[in-house]
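If you want the building blocks of each chain, they are given just below.
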Amino acid sequence: MSITGGPLDTGDLIGLPGPRGPRRSRRRRVPPREAVRSALIALVSSVVVIGGLALVIANSPNWPDVQRAFFDGDIFWYSLPKVIEAFGTNIALFVIAEILILVLGLVLAVLRGLPGPVFFPLRLLSTIYVDFFRAVPGLLVIALLGFGIPGLGIEGIPTDPFPYAVLALTFVYSAYVSEVYRAGIDSVHWSQEAAARSLGLSRSQSLRYVVVPQAVRRVIPPLLNDFIGLQKDTVLVSTLGVVEIFRESSIIKAAKFNFTPYLAVALVFVVITIPLARLVDWLVSRDRARQAAHR
Amino acid sequence: MIDATPAGPGSDAALAIEGLHKSFGELEVLRGIDLEIARHEVVCLIGASGSGKSTLLRCVNLLEPVDAGRIVVEGDEITAPGVDVNRIRRRIGIVFQAFNLFPHMTVLDNVTLAPRKVLGLSRADANARATELLERIGLAGKRNDYPDRLSGGQQQRVAIVRALAMQPDVLLLDEITSALDPELVAEVLAVIRELAGNGMTMLIATHEMGFARDVASRVGFLDGGRILEIAPPAQIFAAPREARTQQFLQRVIEAGRL
């Protein structure tokens, strides 16, 4: 970036890093004139692209029918409070499953990292578990557990599908989360464990007080990513007949012969998920800044 | 080596190493180390990088399994089958080249973790002991800081205190100034000098020849996985017997490090 920031500064025009370092540091020091010009260009190009898309869609032959089926204002306001209420079931599913996932995932990751031949069976079991539940589609696991176990007809086991939905989501996601934990544990340098062991801490104490706390801190962003996935996948349990947000919207859809309730559902997920996604971004960039400061 | 005289209860040896062998795959790093360190003695190990200094220290602390030979600490053979390595390690402190402080804990927690979890001290007792030790090295004011707020020299001093908080019989120092900026070396060596003055038994791997000459009771020259020569510093540095030792010291002098 030149000091003048004039129009002939090709480095700025084509977005190349200037001689003074990477782009990130450049961005903060953009002079006001440049900033206004960039904002204007962004605004104009956004209007052109979005307006163009809107024109194409609105002029398509069946747009009036689609508008009626998907964008009915009355049905939207009718269904929104109902789906929000049903979303409570998704939140309950999500929260209970998430707690179980965090615990089970960590247990699986630790089991898989146990050294020596004695622990081979545990390592093997943990590996098979993770491979299996990462391989089988979540929807299938939900169906197999949700229809299969009550189908056994064992006395005393619940017939309500909710616990099976929680179990199925826990099984699937703990497999992913254990891999995230494992990557975190592996990323803690072995010298940390050496230091802990040299002080007389046992292997499990070293894991508990030294390795795992550092590992968890490092994997919080990818863990949150998995949470976002889990949040969305809670709609899959609608196949078991659990009345959650998607099931509720389908019921309204069937009653009103209109797809607008799905739009309300989409909106609820967007409103819930976007802040979480931004939080992940913020955590990642904070981590990066912190690591850069250490070098 | 099986017939080697064991360090019995009457022996004054804090640490006795007999016929120690260690290989990494094909590479034989230690080829029969014999070394006895009396209580309150400070032994410095010098030698080129790769001569086995660090491996020897890591073997003494059982961080590396030993292939053959015996290690006896205060009369107890720690290489015997079935010994509780966690019990052994608390009696042998080690300080590493890269400090290896726990970055997610404050200075105080770094120092008190092992006393609390291994020795079972209450938090209050452990804190009192740690604060006293930190005061001795002038870092009590930093006790609530995280390690990344400290300079390298301060971090290494905290690492020394962390090892001392377990009140070890023997302290092993593995090139503890090699990762430090030159101007920070002195403050760390000053702590070690004080420890030596207070009678701490130490085995020190070092490249700081001047320090070894000042502080050591004996200096051992390691070459090719053996202690080629061990003698009081005046003799090693002024009149080394072995040609390899002379050669090594010649290079050190040429590099301006002695």
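Going by the structure above, here's the rest.
None of the values given here were measured: they were computed from a predicted structure.

Undergrad: Is there a simple way to explain the overall build of chain A in this structure?
TA: Of regular secondary structure, chain A possesses 12 helices and zero strands. Its helices and strands in sequence order give chain A the pattern α-α-α-α-α-α-α-α-α-α-α-α, from N to C terminus. Looking at chain A as a whole, 36% of its 295 residues qualify as buried. Across chain A, every contact between residues at least 6 apart in sequence was considered, and the portion connecting residues at least 24 apart equals 71%. Here chain A has roughly 17500 Å² of accessible surface; of this, 69% comes from carbon and sulfur atoms.

Undergrad: What should I look at first to understand the interface of chain A and chain B in this one?
TA: Interfaces are often described in size by the accessible area the parts lose on coming together. Each partner contributes residues to the interface: chain A has 19 residues there, and chain B has 24 residues. It is A:Ser198, A:Leu199 and A:Tyr209 in chain A that bury the most area against chain B; as a group they hold 34% of the surface buried on that side. The tally of links from chain A across to chain B stands at zero salt bridges. Where chain A meets chain B, there are six residue pairs in polar contact (both at pLDDT 80 or more). Of all the secondary structure elements, the ones that give two or more residues to the side of chain A that touches chain B are helix 9 (190-198) and helix 10 (203-233) of chain A. Sort the elements by how many residues they give to the side of chain A that touches chain B and helix 9 of chain A lands first, with eight residues.

Undergrad: So what exactly am I meant to see when it comes to the packing of aromatic side chains here?
TA: Note on aromatic pairs: each is described by the distance of the centres and the angle between the planes. Residue and element names in this part refer to chain A. This model, assessed by the stated rule, comprises 13 aromatic pairs over all chains. Ring centres of Phe94 and Phe227 lie 6.4 Å apart, and the angle between their planes is 85°; on these two criteria the pair is classed as edge-to-face. With a gap of 133 residues between them, Phe94 in helix 5 (residues 73-112) and Phe227 in helix 10 connect regions that are remote in the sequence. According to the relative accessible area criterion, Phe94 is buried, its value standing at 15%. Exposure remark for Phe227: the relative accessible area of 14% places this residue in the buried category. A ring pair is formed by Tyr129 and Phe171, whose centres lie 6.3 Å apart and whose planes are at 90°; its orientation type is edge-to-face. With Tyr129 in helix 6 (residues 120-135) and Phe171 in helix 8 (residues 162-187), the pair connects residues that are 42 residues apart, well separated along the chain. Judged by its relative accessible area of 18%, Tyr129 falls in the buried class. According to the relative accessible area criterion, Phe171 is partly exposed, its value standing at 22%.

Undergrad: Can you walk me through the sheet that holds strand 8 (residues 201-205) of chain B in this structure?
TA: Sheet strands associate in pairs through backbone hydrogen bonding, adopting either a parallel or an antiparallel arrangement. Residues and elements named next belong to chain B. Taken in spatial order, the six strands make up an open sheet running 6-7-8-3-9-10, and their pairing is mixed. Of all the strands in the sheet, the pair left with one neighbour each is strand 6 (92-95) and strand 10 (226-231). Taking the axes of each pair of neighbouring strands and ignoring which way they run, one obtains an average angle of 20° across the sheet. One ladder, built from four bridges, connects strand 3 (residues 42-46) with strand 9 (residues 218-223); its direction is parallel.

Undergrad: What exactly am I supposed to notice about the packing of helix 9 of chain A against helix 10 of chain A here?
TA: The description of two helices packed together rests on the angle between their axes and the distance between the axes. Residues and elements named next belong to chain A. Running from N to C, helix 9 and helix 10 point in directions that differ by 140°, and their axes come no closer than 9 Å. Accordingly, the angle class assigned to the pair helix 9 and helix 10 is oblique. Helix 10 is crossed by helix 9, and the crossing has right-handed handedness. Judged by residue contacts, Gln192, Glu193, Ala196 and Arg197 of helix 9 engage Arg203, Ser206, Val210, Val211 and Gln214 from helix 10.

Undergrad: Would you take a moment to explain the sheet that holds strand 2 (residues 27-38) of chain B for this structure?
TA: Residue and element names in this part refer to chain B. In spatial order, the strands read 2-1-4-5; together these four strands make up an open sheet with antiparallel pairing. If you trace the sheet from one side to the other, it starts and ends with strand 2 and strand 5 (76-77), each paired once. Of the strands in this sheet, strand 1 (13-24), strand 2 and strand 4 (68-73) are in contact with helix 1 (residues 53-60), which crosses strand 1 at around 115°.

The rules behind these values
- Residues numbered from 1 in each chain as written.
- Chains lettered and ligands numbered in written order.
- Predicted model: local features only at pLDDT ≥ 70, side-chain atom pairs only at ≥ 80, totals over all residues.
- Heavy atoms only, no water.
- Helix = DSSP H or I, 4+ residues; strand = E, 2+ residues; numbered from the N terminus.
- Buried < 20%, exposed > 50% of the residue type's maximum accessible area, 1.4 Å probe, protein only.
- Contact = heavy atoms within 4.5 Å.
- Areas by Shrake-Rupley, 256 points an atom, 1.4 Å probe, with all protein chains shown as cover.
- Buried area = accessible area lost by both parts, 1.4 Å probe.
- Salt bridge = Lys/Arg side-chain N within 4 Å of Asp/Glu carboxyl O.
- Polar contact = N/O pair within 3.5 Å; in protein donor to acceptor, adjacent residues only side chain to side chain.
- Phe/Tyr/Trp six-rings, centres within 6.5 Å; stacked < 30°, edge-to-face > 60°.
- Pairing = 2+ DSSP bridges.
- Axes fitted to C-alpha atoms, helices over the stretch in contact; angles between N-to-C directions.
- Parallel < 35°, antiparallel > 145°, perpendicular 65-115°, else oblique.
- Left-handed = near helix turned anticlockwise from the far one by under 90°.

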